[in-house]
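Coordinates in review
As a plain string of letters, each chain reads:
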Amino acid sequence: MPVMNIIQAVNDALRLEMRRDPRVVVLGEDVGKFGGVFRATQGLQEEFGADRVMDTPLSETGIIGTAIGMAIYGMRPVPEIQFSDFIFPAFDQIVSEAAKFRYRSGGQYPCPMTIRTPCGGGIRGGHYHSQSPEAYFVHTPGLKVVIPSNPHDAKGLLLSSIRDEDPVIFLEPKRIYREAKGEVPEGEYTIPLGQAQVAREGTSLTVLAYGAMLHTALKAADEAAAAGIDAEVIDLRTLLPLDIDTVIASVKKTHRVVVAHEAPRTCGYGAELIALIQERALLDLEAPIARVTGLDTPFPYTLEHEYLPDAGRIVEAMQATVAF
Amino acid sequence: MATERKAAAPDVFQILDRDGKVRSDREPKVPAEDLRRLYRGMVLLRHLDERMLRLQRQGRLGFYMTSTGEEACQLGSAYALLADDWIFPSYREPGVAFWRGYALKDYICQLLGNAADPLKGRQMPVHHSVKSIHFVSISSPVGTQIPQAAGAAMAARIRGDKNAVITYFGDGATSTSDFHVGMNFAGVFRAPVVFFCRNNRWAISVPYSRQTASPTVAQKARAYGFEGVRVDGNDLLAVLVVTREALERARSGGGPTLIEAETYRVGSHSSSDDPNAYRDTQEPKEWQERDPVERFRKYLATKKAWDEEWQKQIDGEVQAEVTAALKAAEAEEKKPPIESLFEDVYADVPWHLREQRDALLGYLSRRGPIGGH
């Protein structure tokens, strides 16, 4: 089985789906001849032509607005927003248009499209190349939100997203684009949206994470093991719809929970996870649920590793939760 | 004042003068029967607007928007469209939908948001969506449909389809970023799309002169690399000719066109505002001289395609049609089923929505039905 990184897995998924389904088109800034600033669309224009792999003018509103028109018309567009920090000019088209087309038209006009966009910090990117905007989109009825943590899942989840009948925000954790390597099956396979995965089994407590933070959580679990804490780590993979059953089953097993994400704390995705858990398993809990998150500040340049949760912060939260 | 620009500027294409006399050698050959249908379509629109606005005043409709004075923009451009063409409308082109077969009863059910509303009571009145005639869903933010139309046209071109796309918007929408990006993408990709701007001079209370310092909307097309044309929007024949030309250019690979139709919003923006609060009451009266319906009537009369008797007949017909449709629509269940609230958010209803649905149904079964609407 070939070993790939996430970029290669994304590229492989796009290539396979474009071969299989002539409705699939890719559009965005620098995605054509150059193959994307992260090289995720490398070679696609060569194989499928400039009509199906389009270098667009530099406007996120335009990329998403035209992609919506294509989806409404019957295509399967996969627009790329070069950095998720640049998605906000297209916010209106995403939340007021793509997300609502099916509903507002009484089901007449579905809007199947997959918006790929690199997210997250730790790459010396400052405010505008580092943010984690998932909460905005999870908060918008009509969107699905997916974020893989490894090449195998990136490929299978991307294929599922493109085939999905609804608009999907497909967040790609860019810090681990090349760092996360793994075996990726050749050919097509899908990982259903809405299925989490237990990345590490354990009994002492449950750590919920996704994207790049999954790797930080696994590192923390290894460090905590030395202190006798046997953590279960769950990779959520799809934030909406959430795999609530896997989460609650783990909580009922371990009775303690730590939630970790890069995005700011207030109204972050962790807040929703905690609300859902206490609604369903309050009496199973032996300790308050801890949050390890980014800060409620703009994303900084120089002090980004202080801003970002690291394994140490997660370990401390784990220790406090177990000791409660 | 918005009236500083006169509709009959020399570069505004016109076939019929204000008296319905042909002043151009480009009068289109339209069968008399079609001319009469077009006229009837305008008569229906005007009558419908009067009736629905009255209904709103009586509290039987939550909200309404008329297109009074802009009938020729709708019918003239609708006549130029082919069955396979796609429309990305704004909220002032119901006449395009009617011309293509949208049923009056469905229209009124949408206004009522009742159980027979094709949109299941999810949108404010006048935000129609009619897939069978490629009349794409309307949203309230002005301008968002412009890049979408460009995208649909790009898709049509990629697929090798021979159809074209038209999108409608008002002069206010030309100030949005969506207008810029839609025009820009369409120009770059030579998309088969027609941008139809109904320059009706008013965006709620703000006149054209506050939307742009550009003397015309049409000239903006030049910067995007394609043609912009000005047309007398109250002249159905002129609208028909320029729209047909633009659609043919689009279909034959000639790229997009921006049409600026000079017209006037005779009524309020919506049932929620009173134009007397912000514009000269004399202005609408001046525009009555250019009324599109009356102008077309005079033209038909010179063609011997109109007489008093026929006018009485169609007046009676449209009144009866609206009455019958209204009666049928008001006989429907007032509200869509509660379950429908949770449908079409996604293709399937996910667990969290099922949970919220069950909770709401449980509450309502204890409380009893909720009033309103």
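Above this text sits the structure in question.
Starting afresh in each chain, residues are numbered from 1 along the sequence in its written order. Lettering of chains starts at A and numbering of ligands starts at 1, both following the order in which they are written. Selection of residues for local features in this predicted model requires a pLDDT of at least 70, selection of side-chain atom pairs for listing and counting requires 80 or more, and totals for whole chains, interfaces and linings are taken over all residues.

Remarks on the pairing of strand E3 (residues 165-170) of chain B
Residue and element names in this part refer to chain B. For E3, the buried fraction is high: six of the six residues fall into the buried class. Covered by surrounding structure in E3 are Val 165, Thr 167 and Phe 169 together with Ile 166, Tyr 168 and Gly 170, the residues of both alternating faces. Sheet topology note: the strand E2 (residues 86-88)/E3 ladder contains three bridges and is parallel. Bridging from a neighbouring strand, Phe 88 pairs with Thr 167 of E3. Strand pairing follows a simple DSSP-based rule, namely that at least 2 bridges must link the two strands. A run of DSSP states H or I qualifies as a helix once it reaches four residues; a run of E qualifies as a strand once it reaches two. Both are numbered from the N-terminal end. Two strands pair when backbone bridges link them, and E3 and strand E4 (residues 193-199) are joined in this way by six bridges, in the parallel orientation. Looking at E4, one finds that Val 165 is bridged to Val 193. We call a residue exposed when 12 or fewer other C-beta atoms sit within 10 Å of its C-beta, buried when the count reaches 20 or more, and partly exposed for counts in between; the C-beta positions come from the backbone.

Structural notes on the nonpolar core
For the purposes of this analysis, a nonpolar core is taken to be any set of buried Ala, Val, Leu, Ile, Met, Phe, Trp, Tyr and Cys residues that are connected through C-beta atoms within 7 Å. Val207(A), Ala217(A), Val258(A), Met318(A), Ala152(B) and Val193(B) are the most contacted members of the largest nonpolar core, which has 196 residues in total. With 10 residues, helix H8 (residues 236-251) of chain B is the largest single contributor of residues to this core. Aside from chain neighbours lying at most four places away, what touches Val258(A) is Leu205(A), Val207(A), Ala290(A), Val292(A), Ile314(A), Ala317(A), Met318(A) and Thr321(A). Here, residues touch in the contact sense if the C-beta positions derived from the backbone fall within 7 Å of one another.

Details of helix H1 (residues 32-57) of chain B
Expected helix span is taken as 1.5 Å per residue step, with the number of steps being one fewer than the number of residues. Given a rise of 1.5 Å per residue, 26 residues ought to cover 38 Å, and the 38 Å separating the end C-alpha atoms of H1(B) matches this to within 8%. A positive phi of about 85° marks Gly59(B), the residue just after H1(B).

Things to note about the interface of chain A and chain B
On the chain B side, the residues contacting the 37 residues of chain A number 37 residues. Secondary-structure elements contributing two or more residues to the side of chain A that touches chain B are helix H3 (60-73), helix H4 (91-98) and helix H5 (101-104) of chain A. No other element matches the 10 residues that H3(A) contributes to the side of chain A that touches chain B. The classification used treats Ala, Val, Leu, Ile, Met, Phe, Trp, Tyr, Cys and Pro as nonpolar, Asp, Glu, Lys and Arg as charged, and all other residues, Gly among them, as polar. Each residue belonging to the side of chain A that touches chain B can be placed in one class, and the counts come to 15 nonpolar, 14 polar and eight charged.

Re the sheet that holds strand E1 (residues 12-13) of chain B
With parallel pairing, six strands are arranged side by side in an open sheet as E1-E7-E8-E4-E3-E2 (chain B). Pairing within the sheet leaves two strands with one partner each, and these edge strands are E1 and E2 of chain B.

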